[in-house]
Amino acid sequence: MTIHHHPSDVMLAAFAAGTLDPGERMAIATHLSTCARCRAFVDDMEYVGGVMLDDLPPAAMPAGSLAEVMERLDEPASRTIQVAPSSDLDDVPGLPDLVRRCRAGDWKWIAPGVHVRPIIVPEDSPTRVFLLKAAPGTRVMQHSHTDLEMTCVLTGAYTHDGTRYGPGDFDIGEEDDDHKPLVEQGEDCICLVAMRGDIRLSGLLGQLMQPFVRM
Ligand SMILES: [Zn+2]
């Protein structure tokens, strides 16, 4: 697999530092599961972060800190990730364990040739995650975003603005970027999409469909 499009270094560094929200983390983890180059970058960042922590001078703990920590050990773990007994996502190739552990809804039709399937992010997240499947030759309706959209191609390929995105590629759509991707012939194009904000459909058909499309 030859990967041509990667997340930015800033995004990878934020992943290594643990500062992405849970939905964004799932998108970057999906890319890392197939991209050795970005995995090496993240490993380096984690190593540098560890060295910096080791070099920090020790700081005195406030009185009572240890007792407070021991008390919290007895609290219920409300934010632990819920592990599904068997994965809903075993039939989807190219997903990392972080995503595969999540529950997923059913595929639902949103437009001719296009289906979406929500992935339930197990923690509060401003970024929603879903799978998008488009049939070969589909031109996905022209749309723009009110915020950031990250797309990881799992199978198939599409072109957008003359650039081809195939398996393993990472595509980032910024606010108000107008998209009208065309899916290549051959096989279904399945992508994992992490999206903050809303999607805005353009054109008359898009405006008519907008009230019915909730992703
Ligand atoms: Zn990469």
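Residues numbered from 1 in each chain as written. Predicted model: local features only at pLDDT ≥ 70, side-chain atom pairs only at ≥ 80, totals over all residues. Heavy atoms only, no water.

Some words on the pairing of strand β3 (residues 128–134)
- Most of β3 sits inside the fold, with five of its seven residues counted as buried.
- Pairing analysis gives six bridges linking strand β2 (residues 114–119) to β3, with the strands arranged antiparallel. Looking across to β3, one finds that Arg117 is bridged to Leu131.
- Taken together, the seven bridges between β3 and strand β10 (residues 189–195) define a ladder with antiparallel strand orientation. Across the sheet, residue Phe130 finds its bridge partner in β10, namely Val193. (Buried < 20%, exposed > 50% of the residue type's maximum accessible area, 1.4 Å probe, protein only. Helix = DSSP H or I, 4+ residues; strand = E, 2+ residues; numbered from the N terminus. Pairing = 2+ DSSP bridges.)

Focus: the pattern of salt bridges
- Applying the stated rule across the entire model yields five salt bridges.
- As a salt-bridge pair, Arg25 and Glu123 come within 3.2 Å of each other at their nearest N and O atoms. A residue pair is termed long-range when its members are at least 10 positions apart, and Arg25 in helix α2 (residues 22–32) and Glu123 in the loop between β2 and β3 qualify at 98 residues.
- On the accessibility criterion, Arg25 (24% relative accessible area) is partly exposed.
- For Glu123, a relative accessible area of 19% corresponds to the buried category. (Salt bridge = Lys/Arg side-chain N within 4 Å of Asp/Glu carboxyl O.)

Describing the side chain of Thr151
- With respect to the helices, strands and loops of the structure, Thr151 is situated in strand β5 (residues 149–155).
- Not counting residues within four places of it along the chain, the set of residues in contact with Thr151 comprises Tyr158, Asp169, Phe170, Asp171, Cys191, Leu192 and Val193. (Contact = heavy atoms within 4.5 Å.)

With respect to the environment of Val99
- Counting through the fold element by element, Val99 comes out in helix α5 (residues 97–100).
- The class for Val99 is buried, based on a relative accessible area of 0%.
- Dropping the residues within four chain positions of it, Val99 is found in contact with Met26, Thr30, Leu89, Ile119 and Leu192.

Considering the coordination of the zinc ion
- For the zinc ion, the full set of protein donor atoms is His6 (ND1), His31 (NE2), Cys35 (SG) and Cys38 (SG), at a range of 2.0 to 2.3 Å.
- Here the zinc ion is ringed by four donor atoms whose angles at the metal span 100 to 116 degrees, and the overall shape comes out tetrahedral.
- One chain supplies every donor for the zinc ion, spaced along it as H-x24-H-x3-C-x2-C. Here the residue His6 occupies a position in the segment before α1 (9–17), and Cys38 occupies one in helix α3 (residues 36–55), the gap between them amounting to 32 residues. (Donors = N, O, S within 2.8 Å, 3.2 Å for Na, K, Ca; no water. Tetrahedral: all angles 85-135°; square planar, octahedral: opposite > 155°, others 65-115°.)

A closer look at the pairing of β2
- As judged from the three bridges shared by strand β1 (residues 108–111) and β2, these two strands associate in the antiparallel manner. Among the inter-strand pairings, Trp109 is bridged to a residue of β2, identified as His115.
- Hairpin connection from β1 to β2: two residues lie between these consecutive antiparallel strands, with Gly113 at a positive phi of about 80 degrees.

Things to note about empty space enclosed by the protein
- All chains considered together, the criterion is met by two cavities of 30 Å³ or more.
- Size it by volume and the second largest cavity reaches roughly 30 Å³.
- Looking at the second largest cavity, the residues that line it are Glu24, Thr127, Leu148, Met150, Ala194, Met195 and Arg196.
- Considering only residue class, the lining of the second largest cavity consists of four nonpolar, one polar and two charged. (1 Å grid on protein atoms, 1.4 Å probe; cavity = no way out; pocket = protein on both sides within 12 Å on 5 of 7 lines; lining within 4 Å. Points joined across faces, edges and corners; volume = space filled by probe spheres on them. Nonpolar A, V, L, I, M, F, W, Y, C, P; charged D, E, K, R; others polar.)

Without other data, these values stay purely geometric and don't point to any function.
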